[in-house]
Amino acid sequence: GAIVLFGAVQFGMIARAVAAGDRPGAVEWAGLAVAFTALVWLVGPGASAPSPLGVLLMTAAGLCWAAYSLLGRGSADPLADTAGNFLRCLPAAVLLAAWGWRVHPPDAKGLAYAVASGALASGLGYAIWYAALPALSRVTAAAVQLTVPALAAAGAVLFIGEPLTTRVVLASVAIIGGIALTIVGGDRRRSRAT
């Protein structure tokens, strides 16, 4: 699922960049390929093929994430815009939570984790992301999205005791290296164009 999700995010953001005339150069494509290959290596072991419906839903979620990020590039007030977006999602969230509550009632600890993850981590994360986006090209923003799995892996090691394996370290370093290559390649391409 993560591979489909991040592939859809990359596809959506890069397709929009290309449509807007921001065509990645060879170094940027190489960096994106390295980072995405490392992502597959990071999340691939033990993964099983999702159902066709799962693939469709993850693809839709990834394309929506790409659109949300691209729309955020024009935000003048990232914190207010993110808060407004979360408030607009509240009716759907309440309906889904009510249904979920019937199927699997949460405990207090689960509710606290949901609020911390959703409202705090995601809300503040998107506000920071919206603030950073105007300074990034679409291609660079697409590449930077690939840090999420590496950061999640680091958080899992630090906070829930997941083992720090050679694969996690090497894949994370390769993701960051691929992103760096994409950023450097993009900066060089744009400086030559000016």
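What comes next is a walk through the structure.

### Observations regarding helix H3 (residues 52-72)
Owing to its 3.6 residues per turn, the α-helix brings residues three or four apart onto one side.
Moving on, step 1. If you check H3, its first and last C-alpha atoms are 30 Å apart, about what 21 residues at 1.5 Å a residue would give, namely 30 Å.
Moving on, step 2. Among all positions in H3, only Gly54, Gly62, Trp65, Ala66, Ser69, Leu70 and Gly72 are buried. Burial along H3 is one-sided: seen end-on, the buried residues are contained in an arc of 160 degrees. Away from its buried face by more than 90 degrees, H3 exposes Pro52, Leu53, Leu56, Leu57, Cys64 and Leu71.
Moving on, step 3. In this structure, the buried side of H3 is in contact with helix H1 (2-19), helix H5 (108-132), helix H6 (138-144) and helix H7 (147-160).

### A short note on the nonpolar core
Moving on, step 1. With 29 residues, the main nonpolar core has Phe6, Met13, Leu42, Trp65, Leu146, Ile175 and Ile179 as its most contacted residues.
Moving on, step 2. Among the secondary structure elements, those contributing two or more residues to this core are H1, helix H2 (26-43), H3, H5, H6, H7 and helix H8 (166-193).
Moving on, step 3. At six residues, H1 tops the list of elements feeding residues into this core.
Moving on, step 4. Apart from residues lying up to four places away in sequence, Ile179 is in contact with Gly31, Ala35, Ala143, Val144, Leu146 and Thr147.

### Describing the pattern of salt bridges
Moving on, step 1. Applying the stated criterion across every chain yields a total of three salt bridges.
Moving on, step 2. When the shortest N-O distance is used, the salt bridge between Asp22 and Arg189 registers 2.7 Å. Taken as a pair, Asp22 in the loop between H1 and H2 and Arg189 in helix H8 lie far apart in primary sequence, 167 residues in all.
Moving on, step 3. In this structure Asp22 comes out as buried when scored by relative accessible area, which is 11%.
Moving on, step 4. Residue Glu28 pairs with Arg189 through a salt bridge whose shortest N-O separation is 2.5 Å. Taken together, the residues Glu28 in helix H2 and Arg189 in helix H8 connect sequence positions 161 residues apart.
Moving on, step 5. By relative accessible area, Glu28 is classed as buried at 1%.
Moving on, step 6. The class of Arg189 is buried, set by a relative accessible area of 17%.
Moving on, step 7. Taken together, the shared-partner salt bridges in this structure form one network comprising Asp22, Glu28 and Arg189.

Scoring rules and cut-offs
- In every chain, residue numbers begin from 1 and rise along the written sequence.
- Owing to the predicted nature of the model, reporting of local features is limited to residues with pLDDT of at least 70; listing and counting of side-chain atom pairs is limited to 80 or more, with chain, interface and lining totals taken over all residues.
- Side-chain numbers come from the whole structure's heavy atoms, not from hydrogens or water.
- Strands here mean DSSP runs of E at least two residues long; helices mean DSSP runs of H or I at least four residues long; both are numbered from the N terminus.
- Helices are assigned an expected span. That span is 1.5 Å times one less than the residue count.
- In this scheme, a residue with accessible area under 20% of its type's maximum is buried, one over 50% is exposed, and one in between is partly exposed, where area comes from a 1.4 Å probe on protein chains only.
- Relevant arc is that of directions from the helix axis to the C-beta atoms, nothing else.
- Should any heavy atoms of two residues lie within 4.5 Å, those residues are considered in contact.
- Nonpolar cores were defined as sets of buried Ala, Val, Leu, Ile, Met, Phe, Trp, Tyr and Cys residues, with membership established by side-chain atoms within 4.5 Å.
- Here, a salt bridge means any side-chain nitrogen of Lys or Arg that lies within 4 Å of a carboxyl oxygen of Asp or Glu.

So yeah, pure geometry; function would need other evidence.
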